[in-house]
Amino acid sequence: MHSKSIDFMSAKTQKILIGLGIFGTFQFLILVHLAMYLYIGGSIHQPNLEAYSFTTNFFSDLGRRRLPGGGINMPTSLIFKTTMAMTGLCVSLFFLAVPSLFKKKGTKALATIAAFFGIVAGISYILIGNIPYDVSYWAHTRYVRIGFISFFLMVIFYTFSIFAERDYPNRYGWLFVLFGVILLVQISVMLLGPRSWRSEEALYLQAVAQKIVVYAEVICMLMQAIGAMKITQEGKV
């Protein structure tokens, strides 16, 4: 027999926290694309660009206080700061509910570790939005790295939790495996790849890799949150 743990989170609270995880993905997609639309333009190597470029701008360019070509980056920077704050908060609150999705003590323990790294990632997202990289490049970059690496560690422990829990559908574990591979590639490019300021080709590689992993993360989080909501509604926890 597998020992079960006692859960002190009510079903209503659980659903609210998971629902915030779903809300967080949608608000990010809406607000970040609004910020892209309003961004006046400019990148590291092409400061006179007149619009946001998917291949030469980072998401962090949206949060700059000043544009590469000069001028104040408003209201784009405020929108980016807002969506990163809400994303980080929603991610952190979602992960507070994650351990309650598991019944066995062992899987709950693994899920608790996953939740810890998920919350660290969420806090990092808030700090990324609050510290523009044109104000403090090294602090901004530090939290970007902490965010990605923490999220990767979360994926590892969450995946083990899913596969070890009999009633948790394995498809969500395989979704994490797929995303984990994408995220590991991005982390490798981020840490070991050519620095974006060295050439336009390096900027292209870093910017495109970032877009792929961020959109993959949003999709993964949305599907995991929807899956978690289904599990709570089916009464499996």
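Going by the structure above, here's the rest.
Description of the structure in this document. Quantities reported herein were computed from a predicted structural model and do not represent experimental measurements. (Residues numbered from 1 in each chain as written. Predicted model: local features only at pLDDT ≥ 70, side-chain atom pairs only at ≥ 80, totals over all residues. Heavy atoms only, no water.)

### Observations regarding the side chain of Ser196
Topologically, Ser196 is positioned in the loop between α5 (170-192) and α6 (200-233). Excluding residues that lie within four positions of it along the chain, Ser196 makes contacts with Ile44, His45, Phe58, Ala202, Leu203 and Gln206. (Helix = DSSP H or I, 4+ residues; strand = E, 2+ residues; numbered from the N terminus. Contact = heavy atoms within 4.5 Å.)

### Topic: the pattern of salt bridges
Following the criterion strictly, the structure yields 3 salt bridges and no others. The partner of Arg64 in a salt bridge is Asp61, with the nearest N and O atoms 3.7 Å apart. The pair formed by Arg64 and Asp61 is uniform in burial state, with each residue classed as buried. One salt-bridge network, held together by shared partners, links Lys103, Arg166 and Asp167. (Salt bridge = Lys/Arg side-chain N within 4 Å of Asp/Glu carboxyl O. Buried < 20%, exposed > 50% of the residue type's maximum accessible area, 1.4 Å probe, protein only.)

### A look at the nonpolar core
Judged by nonpolar contacts, the single largest core of 57 residues is most densely connected at Phe95, Phe151 and Tyr158. Listing elements by their share of this core, those giving two or more residues are α1 (11-38), α2 (76-97), α3 (105-130), α4 (137-164), α5 and α6. In terms of residue count, the dominant contributor to this core is α6 (11 residues). (Core = buried A, V, L, I, M, F, W, Y, C linked by side-chain atoms within 4.5 Å.)

### So, the packing of α2 against α3
If you want to describe how two helices pack, look at the angle between their axes and the distance between the axes. Contact geometry of α2 with α3 gives a least axis separation of 8 Å together with a crossing angle of 170°. As far as their axial angle goes, α3 and α2 are roughly antiparallel. When α2 is examined against α3, the residues Phe80, Lys81, Met84, Ala85, Thr87, Gly88, Leu89, Val91, Ser92, Phe95 and Leu96 are found in contact with a partner set consisting of Ala114, Ala115, Gly118, Ile119, Gly122, Ile123, Tyr125, Ile126, Ile128, Gly129 and Asn130. The residue inventory of the contact of α2 with α3, partitioned by class, reads 14 nonpolar, 7 polar and 1 charged. (Axes fitted to C-alpha atoms, helices over the stretch in contact; angles between N-to-C directions. Parallel < 35°, antiparallel > 145°, perpendicular 65-115°, else oblique. Nonpolar A, V, L, I, M, F, W, Y, C, P; charged D, E, K, R; others polar.)

### What to know about a nonpolar patch on the surface
A cluster of nonpolar side chains, namely Phe163, Trp174, Val177, Val181 and Val185, defines an oily patch on the protein surface of about 470 Å² accessible area. Of all the elements, α5 adds the most residues to the nonpolar patch, at 4 residues. When you line up the elements, Phe163 lands in helix α4. (Patch = residues over 30% accessible without salt bridge, like charges linked within 9 Å, V, L, I, M, F, W, Y side chains within 5 Å. Areas by Shrake-Rupley, 256 points an atom, 1.4 Å probe, with all protein chains shown as cover.)

### Digging into the environment of Ile187
As for its position among the elements, Ile187 is in helix α5. Judged by relative accessible area, Ile187 falls into the buried class, the value being 8%. Placed 42 residues apart in sequence, Ile187 and Arg145 show a C-alpha to C-alpha distance of 7.9 Å. The contact partners of Ile187, leaving out residues within four places of it in the chain, are Phe148, Ile149 and Phe152.

### Quick notes on the packing of aromatic side chains
A complete count under the given rule lists 18 aromatic pairs for this structure. Relative to Tyr215, the ring of Phe54 has its centre 6.4 Å away and its plane inclined at 15°; by these criteria the two rings are stacked. Of the two residues, Phe54 is situated in the loop between α1 and α2 and Tyr215 in helix α6; the sequence distance between them amounts to 161 residues. Classification of Phe54 by relative accessible area gives partly exposed; the value is 40%. A centroid spacing of 5.9 Å and a plane angle of 90° characterise the contact between Phe151 and Phe179, whose relative ring orientation is edge-to-face. Of this pair, Phe151 sits in helix α4 while Phe179 sits in helix α5, and the two are 28 residues apart along the sequence. Within the aromatic cluster, the residues linked to one another by ring pairs are Phe94, Phe95, Phe102, Tyr158, Tyr168, Tyr172 and Phe176. When the ring centre of Phe59 is taken as reference, the NZ or CZ atom of Lys211 above it lies at 5.3 Å. (Phe/Tyr/Trp six-rings, centres within 6.5 Å; stacked < 30°, edge-to-face > 60°. Lys NZ or Arg CZ within 6 Å of the ring centre and 35° of its normal.)

### Section: the environment of Ile146
Looking at the element boundaries, Ile146 is found in helix α4. Once the C-alpha coordinates of Ile146 and Lys103 are considered, the two residues, 43 residues apart in sequence, prove to be 30 Å apart. Sequence-distant contacts of Ile146, that is, excluding residues within four places in its chain, are made with Val120 and Ser124.

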